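Now for the letters of each chain:
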Amino acid sequence: MVYKSNSPLETANIAKAFAKTLKSGDVLCLNGDLGTGKTAFVQGLVKALGYQEPISSPTFTIVNCYEGGKFPIHHFDVYRIDDCDEMYEVGFEEYVYSDGITVIEWSDKIRDILPEKRYEILISKDYDKHEDFRYIQIEKRE
């Protein structure tokens, strides 16, 4: 499915609607260039699942965990990861194979260790439309 977004708010709203389809154990792999709206998407998703606290990308901490909503959410940002072994050091498998929802920004960097069952989400800009225009492609892999 491909969605069109004209603003960060629309991106968050698309994520909110998508959140309603999620279930325990789902893994979401988010990819796109810098500034495409990956974090805006995660913010909308997390808010829709019942979390009211501020959400930021865990670029330096690798993972942020949000408890107290519909599901625990494990939010990874692997932009600064150099190899998959680093992911094992932070307990990646424990998060991914838990009852929570796992969201991984820059998942292409760790493709070799991703579970087969996952959602692939690609966010891309289209400057021919306007500066804030995005395509959000969501594909379920089984």
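Below, the structure is looked at part by part.

Considering the overall build of the chain
Here is step 1: Each helix and strand counted, the chain has four helices and seven strands in total.
Here is step 2: Reading the chain from its N terminus to its C terminus gives the helix and strand order β-α-β-α-β-β-α-α-β-β-β.
Here is step 3: The C-alpha atoms of the chain give a radius of gyration of 14 Å, which matches the 14 Å a tight globule of 142 residues would have.
Here is step 4: Each principal axis of the C-alpha distribution contributes one length, and for the chain these read about 40 × 30 × 30 Å.
Here is step 5: Evaluated residue by residue, the chain yields a buried proportion of 48% over its 142 residues.
Here is step 6: For the chain, long-range pairs separated by at least 24 residues make up 61% of all intrachain contacts whose partners lie at least 6 apart in sequence.
Here is step 7: Split by element, the accessible area of the chain, about 7500 Å² in all, is 48% carbon and sulfur.

Section: unusual backbone geometry
Here is step 1: Even without being glycine, Trp106 reaches a positive phi, approximately 65°.
Here is step 2: Looking at the secondary structure, you find Trp106 in the loop between β5 (101–105) and β6 (118–125).
Here is step 3: Given a relative accessible area of 16%, Trp106 falls into the buried group.

Looking at the pairing of strand β3 (residues 63–66)
Residues in a regular strand project their side chains so that they alternate between the two faces of the sheet.
Here is step 1: Sheet topology note: the β3/strand β4 (residues 73–77) ladder contains four bridges and is antiparallel. If you follow Asn64 over to β4, its bridge partner there is His75.
Here is step 2: Hairpin connection between β3 and β4: a loop of six residues separates the two successive antiparallel strands, and Gly68 in this loop has a positive phi of roughly 100°.

Observations regarding the environment of Asn6
Here is step 1: Mapped onto the elements, Asn6 comes out in the loop between β1 (2–5) and α1 (8–19).
Here is step 2: Judged by its relative accessible area of 34%, Asn6 is partly exposed.
Here is step 3: Separated by 127 residues in sequence, Asn6 and Phe133 place their C-alpha atoms 4.5 Å apart.
Here is step 4: Apart from residues no more than four positions distant in its own chain, Asn6 is found in contact with His130, Asp132 and Phe133.

Some points on the packing of aromatic side chains
Pairs of aromatic rings are described using the distance from one ring centre to the other and the angle between the two planes.
Here is step 1: What the rule picks out here adds up to seven aromatic pairs.
Here is step 2: When the centroid spacing of 6.3 Å and the interplanar angle of 45° are considered together, the rings of Phe18 and Phe41 count as tilted. Separated by 23 residues along the polypeptide, Phe18 in helix α1 and Phe41 in helix α2 (residues 38–48) bring together distant segments of the chain. Side by side, Phe18 and Phe41 carry an identical accessibility label, which is buried.
Here is step 3: Arranged with centres 4.8 Å apart and planes meeting at 55°, the rings of Tyr79 and Trp106 form a pair that is tilted. Highlighted residues: Tyr79 in the loop between β4 and α3 (84–89) and Trp106 in the loop between β5 and β6, separated in sequence by 27 residues.

Rules behind the numbers
Residues numbered from 1 in each chain as written. Predicted model: local features only at pLDDT ≥ 70, side-chain atom pairs only at ≥ 80, totals over all residues. Heavy atoms only, no water. Helix = DSSP H or I, 4+ residues; strand = E, 2+ residues; numbered from the N terminus. Rg over C-alpha atoms; globule rule 2.2 N^0.38 Å. Buried < 20%, exposed > 50% of the residue type's maximum accessible area, 1.4 Å probe, protein only. Contact = heavy atoms within 4.5 Å. Areas by Shrake-Rupley, 256 points an atom, 1.4 Å probe, with all protein chains shown as cover. Pairing = 2+ DSSP bridges. Phe/Tyr/Trp six-rings, centres within 6.5 Å; stacked < 30°, edge-to-face > 60°.

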